[in-house]
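Listed here are the chains, written in short residue letters.
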Amino acid sequence: KHVVKLETRPKSAEGASEISQRDLVRNALRMRPDRIILGEVRGGEALDMLQAMNTGHEGSMSTIHANDTRDALSRLEVMVSMAGFDLPVPVVRRYIASAVTLVVHLSRLKGGVRRVMRISEITALESGDYVIQDLFGFQQSGIDDRSVDEQGELLQHGVLGVIPHPPRRGDGHEAP
């Protein structure tokens, strides 16, 4: 009951009454949402979405078509430039690094099944480039000959794998 769905509308035969994704993002912001979920970013609405993410709408998300995490960020930079503002690349990158926390990369494999291939965290911007930490990655272990599906598992990478558990005392209680 707390969800509002908005849809784009193409121009009419007379060339009027178009509703673009950019219009929808702006109108959604006027509704004071907790988060915004945008089906797919394709153009100038990328800038509006980043502005929403940078101004208190944490948890917002969108999709973008790209080959991997770095390509997704590069495509996002290009789409921000489609918004009609002449923003320098370093400014756009700072804006993206500040707004985007996680990139989840899905891929359609040979058997037609979609799998989460990688979950990456954008941790910082260093020397003008994104610092990306892979948290999880799909490791293929074989192929099911009957369904031609790749078999494997999503494995944990990076800093998550080295977080130690708190030390325990001999009586089974955690140390203070």
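Every chain's residues receive numbers from 1 upward, in the order its sequence appears when written. It should be noted that, the model being predicted, local features are given only for residues of pLDDT at least 70 and side-chain atom pairs only at 80 or more, the latter also being counted only at that level, while totals for whole chains, interfaces and linings use all residues. Excluding hydrogens and water, the side-chain values take into account all heavy atoms of the structure.

## Examining the overall build of the chain
The following threshold applies: In this description a helix means any DSSP run of H or I spanning at least four residues, a strand means any run of E spanning at least two, and both kinds are numbered starting from the N terminus. Buried, partly exposed and exposed residues are distinguished by accessible area as a fraction of the type maximum, computed with a 1.4 Å probe on protein chains only: under 20%, between the cut-offs, and over 50%, respectively. It only takes one pair of heavy atoms within 4.5 Å for two residues to be counted as in contact. Throughout, the Shrake-Rupley method with a 1.4 Å probe supplies accessible areas, and for residues the shown protein chains are the sole cover considered.
Within the chain, the secondary structure is distributed over four helices and six strands. Ordering the α and β elements of the chain from the N terminus gives α-β-α-β-α-α-β-β-β-β. Relative to its 176 residues, the chain shows a buried fraction of 27%. Long-range pairs, those at least 24 residues apart, make up 38% of the contacts in the chain with a sequence separation of at least 6. As displayed, the chain has an accessible area near 12,200 Å², and 51% of this comes from carbon and sulfur atoms.

## What about the pattern of salt bridges?
Any two side chains of opposite charge can pair, on the condition that their charged atoms come close. The criterion, for reference: Salt bridges, as used here, are contacts in which a Lys or Arg side-chain nitrogen is within 4 Å of a carboxyl oxygen on Asp or Glu.
Counted under the stated rule, the structure contains six salt bridges. Among the ionic pairs, Asp48 bridges to Arg22, the shortest N-O distance being 2.6 Å. Taken together, the residues Asp48 in helix α2 (residues 45-53) and Arg22 in helix α1 (residues 21-30) connect sequence positions 26 residues apart. The closest approach of N and O atoms between Arg42 and Glu40, which form a salt bridge, is 3.3 Å. Taken together, the salt bridges that share partners define one network made up of Arg22, Arg26 and Asp48.

## Remarks on α2
Most of α2 sits inside the fold, with eight of its nine residues counted as buried. When we look at burial in α2, the residues that qualify are Glu45, Ala46, Leu47, Asp48, Met49, Leu50, Ala52 and Met53. If you follow the buried residues of α2, they end up packed against α1, β1 (37-38), β2 (61-62), α3 (69-81) and α4 (89-99).

## Thoughts on the pairing of strand β3 (residues 102-108)
What counts, and what does not: Whether two strands pair comes down to DSSP finding at least two bridges between them.
Pairing of β3 with strand β4 (residues 114-126), which is carried by seven bridges, proceeds in the antiparallel orientation. Within β4, the residue paired with His105 across the bridge is Arg118. Taking the residues between adjacent antiparallel strands as the criterion, β3 and β4 are bridged by five residues, where Gly112 takes a positive phi near 95 degrees.

## Remarks on a nonpolar patch on the surface
Stated formally: Here, patches come from residues exposed beyond 30% relative accessible area and free of salt bridges, joined within 9 Å for like charges and within 5 Å for nonpolar side chains (Val, Leu, Ile, Met, Phe, Trp, Tyr).
On the surface, a cluster of nonpolar side chains totalling about 300 Å² of accessible area is made up of Val104, Leu106, Val116 and Leu154. Overall, the relative accessible area of 39% leaves Leu154 in the partly exposed class.

## Section: unusual backbone geometry
The backbone of Ser17 shows a phi angle near 60 degrees, a positive value even though the residue is not glycine. Inspection of the secondary structure assignment puts Ser17 in the segment before α1. Unusually for a residue other than glycine, Ser127 sits at a positive phi of about 55 degrees. For Ser127, the position within the fold is in the loop between β4 and β5 (129-144).

## Comments concerning the side chain of Glu45
Worth spelling out the cut-off: In this tally, Lys and Arg are treated as positive and Asp and Glu as negative; His is ignored, and so are the chain termini.
Tracing the chain through its elements places Glu45 in helix α2. The buried charged residue Glu45 lacks any salt bridge partner; its closest oppositely charged side chain belongs to Arg42, at an N-O distance of 6.2 Å. Once residues lying within four places of it in the same chain are set aside, the contact partners of Glu45 are Gln21, Arg22, Val25, Leu38 and Glu40.

## Brief notes about the confidence of the model for the chain
Heads up, the condition is: The pLDDT score gives, residue by residue, the confidence of the prediction method on a 0 to 100 scale.
Counting all residues, the mean pLDDT for the chain is 84, and 85% of those residues have values of 70 or more. Between the elements of the chain, mean pLDDT differs from a low of 79, seen in strand β6 (residues 149-156), to a high of 95, seen in α3. Within the model, the stretch residues 161-176 combines pLDDT values under 50 with nine contacts to residues more than four positions away or in other chains.

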